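# Descriptive structure summary
Spelled out from the first residue to the last, the chains are:
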Amino acid sequence: NVINNKLRDLPPEFSDLCSLEDLNLGHNKFEAIPESVYSLTSLSNFIVSNNHISSVEAGKLVQLSSLMCLDLENNNIGRLPPELSLIPNIRTLLVMGNTFKIPRADVLAKGSTEVLAWLKNKVPQP
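As the structure is a prediction and not an experimental result, all values here were calculated from the model.

The subject of this paragraph is the overall build of the protein. Per the secondary structure count, the protein includes three helices and four strands. A compact globule built from 126 residues would reach a C-alpha radius of gyration of about 14 Å, and the protein, at 14 Å, matches this within 12%. Relative to its full complement of 126 residues, the protein shows a buried share of 40%. Contacts in the protein between residues far apart in sequence, at least 24 positions, make up 34% of those at least 6 positions apart. Counting only carbon and sulfur atoms, one obtains 51% of the accessible surface of the protein, whose full area is about 6800 Å². In the protein, 11 side chains carry a positive charge and 13 a negative one; their mean positions are 10 Å apart.

This model, assessed by the stated rule, comprises three salt bridges. With a shortest N-O distance of 3.3 Å, E57 and K60 are connected by a salt bridge. Judged by its relative accessible area of 25%, K60 is partly exposed. Of the charged contacts in the structure, one is a salt bridge between R104 and D106, with a shortest N-O distance of 3.0 Å.

With that out of the way, let us pick up unusual backbone geometry. At the junction of I102 and P103, the peptide bond is cis and its omega measures out at 5 degrees in the coordinates. Structurally, P103 is set in the loop between β4 (92-94) and α2 (105-108). Backbone geometry places N74, a non-glycine residue, at a positive phi of 55 degrees. In this fold, N74 is placed in the loop between β3 (69-71) and β4. Relative accessible area serves as the criterion here: at 36%, N74 is assigned to the partly exposed category.

As summarised here, the arrangement of the four strands in space is β1-β2-β3-β4, forming an open sheet in which the pairing is parallel. What marks the edges here is a single partner per strand, and that holds for β1 (22-24) and β4. With strand direction ignored, the average angle separating the axes of adjacent strands in the sheet is 0 degrees. As defined by bridge partners, β1 adjoins strand β2 (residues 45-47) across three bridges and the pair is classed as parallel. The partner of D22 across the bridge, within β2, is N45.

This part covers the environment of N98. Counting through the fold element by element, N98 comes out in the loop between β4 and α2. What makes N98 buried here is its relative accessible area of 14%. Residues N98 and C69, spaced 29 residues apart in sequence, show a C-alpha to C-alpha distance of 17 Å. Looking at N98, its side chain comes within polar contact range of the main-chain nitrogen of N75, at 3.1 Å. There is a polar contact of 3.1 Å between the side chain of N98 and the backbone nitrogen of I77.

Rules used in this analysis
- Residues numbered from 1 in each chain as written.
- Predicted model: local features only at pLDDT ≥ 70, side-chain atom pairs only at ≥ 80, totals over all residues.
- Heavy atoms only, no water.
- Helix = DSSP H or I, 4+ residues; strand = E, 2+ residues; numbered from the N terminus.
- Rg over C-alpha atoms; globule rule 2.2 N^0.38 Å.
- Buried < 20%, exposed > 50% of the residue type's maximum accessible area, 1.4 Å probe, protein only.
- Contact = heavy atoms within 4.5 Å.
- Areas by Shrake-Rupley, 256 points an atom, 1.4 Å probe, with all protein chains shown as cover.
- Lys, Arg positive; Asp, Glu negative; His and termini not counted.
- Charge placed at Lys NZ, Arg CZ, Asp CG, Glu CD.
- Salt bridge = Lys/Arg side-chain N within 4 Å of Asp/Glu carboxyl O.
- Pairing = 2+ DSSP bridges.
- Axes fitted to C-alpha atoms, helices over the stretch in contact; angles between N-to-C directions.
- Polar contact = N/O pair within 3.5 Å; in protein donor to acceptor, adjacent residues only side chain to side chain.

As structure tokens, this is what we get:
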């Protein structure tokens with residue numbers, strides 16, 4: 001838990017915490033999800049709310065196969081990638097309070113299950 005520390009990045013050595021299951025980076029100054037997070041394969045709960053994140057690299061988050069809860073609330077995300085629905089074990093996706101207009105607020109208000117279903121329907125088919 002490194003909440004409210006005005007952090008903008010994490011050291012590369014952070015990726016050595018391979019058994020880390022819960023990570024709360026909320027209320028900092030991150031403009032992107034730190035690269036070292038994508039190596040945390042045991043991560044199941046990841047909170048990065050209340051930062052300055054403007055985009056999400058869904059392709060990298062999909063590699064976090066243990067991830068069950070992703071909290072991206074209150075950032076500056078302009079586009080919500082449909083591929084977030086492809087994170088293998090994702091159950092909770094919190095995205096309220098961002099700048100994107102799609103999906104609309106009525107979809108977001110229905111909760112994670114509806115948001116994930118909406119995103120899954122938007123994933124480009126091969």
